[in-house]
Amino acid sequence: MLNEEPFIEFVMKQAEKNGKIFIIDSGEGNDYIDTDTGWYVEDLSGWYINTNDKNTLLKAIENGTAYNDFSDSYVFPNGQNQTKEILRSYSENIEPAKDYFAQLK
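Keep in mind that what you see is a predicted model, and the values were worked out from it rather than measured. (Residues numbered from 1 in each chain as written. Predicted model: local features only at pLDDT ≥ 70, side-chain atom pairs only at ≥ 80, totals over all residues. Heavy atoms only, no water.)

A. Looking closely at the overall build of the chain. The secondary structure content of the chain amounts to 5 helices and 6 strands. If you list the helices and strands of the chain from N to C, you get α-β-β-β-β-α-α-β-α-β-α. Burial analysis of the chain (105 residues in total) assigns 38% to the buried set. Expressed as a percentage of contacts within the chain between residues at least 6 apart in sequence, the contacts between residues at least 24 apart total 54%. As displayed, the chain offers around 6600 Å² of accessible surface, 44% of which is attributable to carbon and sulfur atoms. (Helix = DSSP H or I, 4+ residues; strand = E, 2+ residues; numbered from the N terminus. Buried < 20%, exposed > 50% of the residue type's maximum accessible area, 1.4 Å probe, protein only. Contact = heavy atoms within 4.5 Å. Areas by Shrake-Rupley, 256 points an atom, 1.4 Å probe, with all protein chains shown as cover.)

Given below as C-alpha cells:
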C-alpha cells in the first residue's frame, strides 16, 4: 500500500486505471467512516493529470504557479455530500475547477 489511508490508495488506483495520476491538494470535508469498508472518506480536491505531466506539476507546485499553470487539471468533487458516489468510482465524479480559479484572479 502506497498510503496509510485506504481511501486515498483507492483514489490513486482509480486514477491509475484511467492512465492518470491524482495529486491531492486538500480535503474538502464531507468526511465520514464508510460502514462497508471501514475507511475514513473525505471529498478531495487536487490535480488529475496525465502521468507524464507529474514532474512538471511538482515543479509548478514548488514554484507557486500550479494553480495557474494546471487550472484545467484541478478537480473538485462534483457536488456536495457525494462521498458514497465518490467512494464507488472517484474518478468519474470530479469536475474541472477552471471557472473557480478564474474567479480568484
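This is not the end of the story, as more comes after the structure.
B. Representation of the packing of aromatic side chains within the structure. Scanning the entire structure with this criterion turns up 5 aromatic pairs. With a centroid separation of 5.7 Å and 45 degrees between ring planes, the pair formed by Phe 10 and Trp 39 is classed as tilted. Here Phe 10, found in helix H1 (residues 6–17), pairs with Trp 39, found in the loop between strand S2 (32–33) and strand S3 (40–41); they are 29 residues apart in sequence, far enough to count as distant. Owing to a relative accessible area of 17%, Phe 10 belongs among the buried residues under this scheme. Among the aromatic side chains, those forming a connected cluster through ring pairs are Phe 7, Phe 10 and Trp 39. (Phe/Tyr/Trp six-rings, centres within 6.5 Å; stacked < 30°, edge-to-face > 60°.)

C. Expanded view of the side chain of Ser 45. You can see Ser 45 is positioned in strand S4 (residues 44–50). Note on Ser 45: relative accessible area 0%, which makes it buried. In this structure the side chain of Ser 45 is engaged in a polar contact, spanning 3.1 Å, whose partner is the side chain of Tyr 74. (Polar contact = N/O pair within 3.5 Å; in protein donor to acceptor, adjacent residues only side chain to side chain.)

D. Main features of the pairing of S4. Of all 7 residues making up S4, 6 are buried, and the element is well covered by its neighbours. Taken together, the 7 bridges between strand S1 (residues 20–27) and S4 define a ladder with antiparallel strand orientation. Residue pairing across strands places Gly 27 opposite Leu 44, the latter belonging to S4. (Pairing = 2+ DSSP bridges.)

E. View of H1. Taking 1.5 Å of rise per residue, the 12 residues of H1 would be expected to cover 16 Å, and the 16 Å separating its terminal C-alpha atoms lies within 8% of that figure. Considered for burial, the residues of H1 that qualify are Phe 7, Glu 9, Phe 10, Val 11, Gln 14 and Ala 15. Gly 19 occupies a position one or two residues after H1 and carries a positive phi of about 70 degrees. (Expected span 1.5 Å × (residues − 1).)

F. Up close: the nonpolar core. In this structure, Ile 21, Ile 23, Trp 47, Ile 49, Leu 57, Ala 60, Ala 66, Phe 70, Tyr 74 and Phe 76 together form the largest nonpolar core, which totals 10 residues. Every element with two or more residues in this core is listed here: S1, S4, helix H2 (54–63) and strand S5 (74–77). Leaving out residues up to four positions away in the same chain, Trp 47 has contacts with Ile 21, Phe 22, Ile 23, Asp 25, Leu 57, Ile 61, Ala 66, Tyr 67, Phe 70, Ser 73 and Tyr 74. By size, the runner-up hydrophobic cluster in this structure holds 9 residues, among which are Phe 7, Ala 15, Val 41 and Tyr 48. (Core = buried A, V, L, I, M, F, W, Y, C linked by side-chain atoms within 4.5 Å.)

G. Geometry of the confidence of the model for the chain. Confidence in the prediction of the chain, expressed as mean pLDDT, is 74, and 70% of residues score 70 or more. pLDDT under 50 marks residues 79–89. Its contacts with residues more than four places away, or in other chains, come to 26 contacts. For the stretch residues 100–105, pLDDT sits under 50, and the model shows 5 contacts to residues farther than four places along the chain or on other chains. (pLDDT = per-residue confidence, 0-100.)

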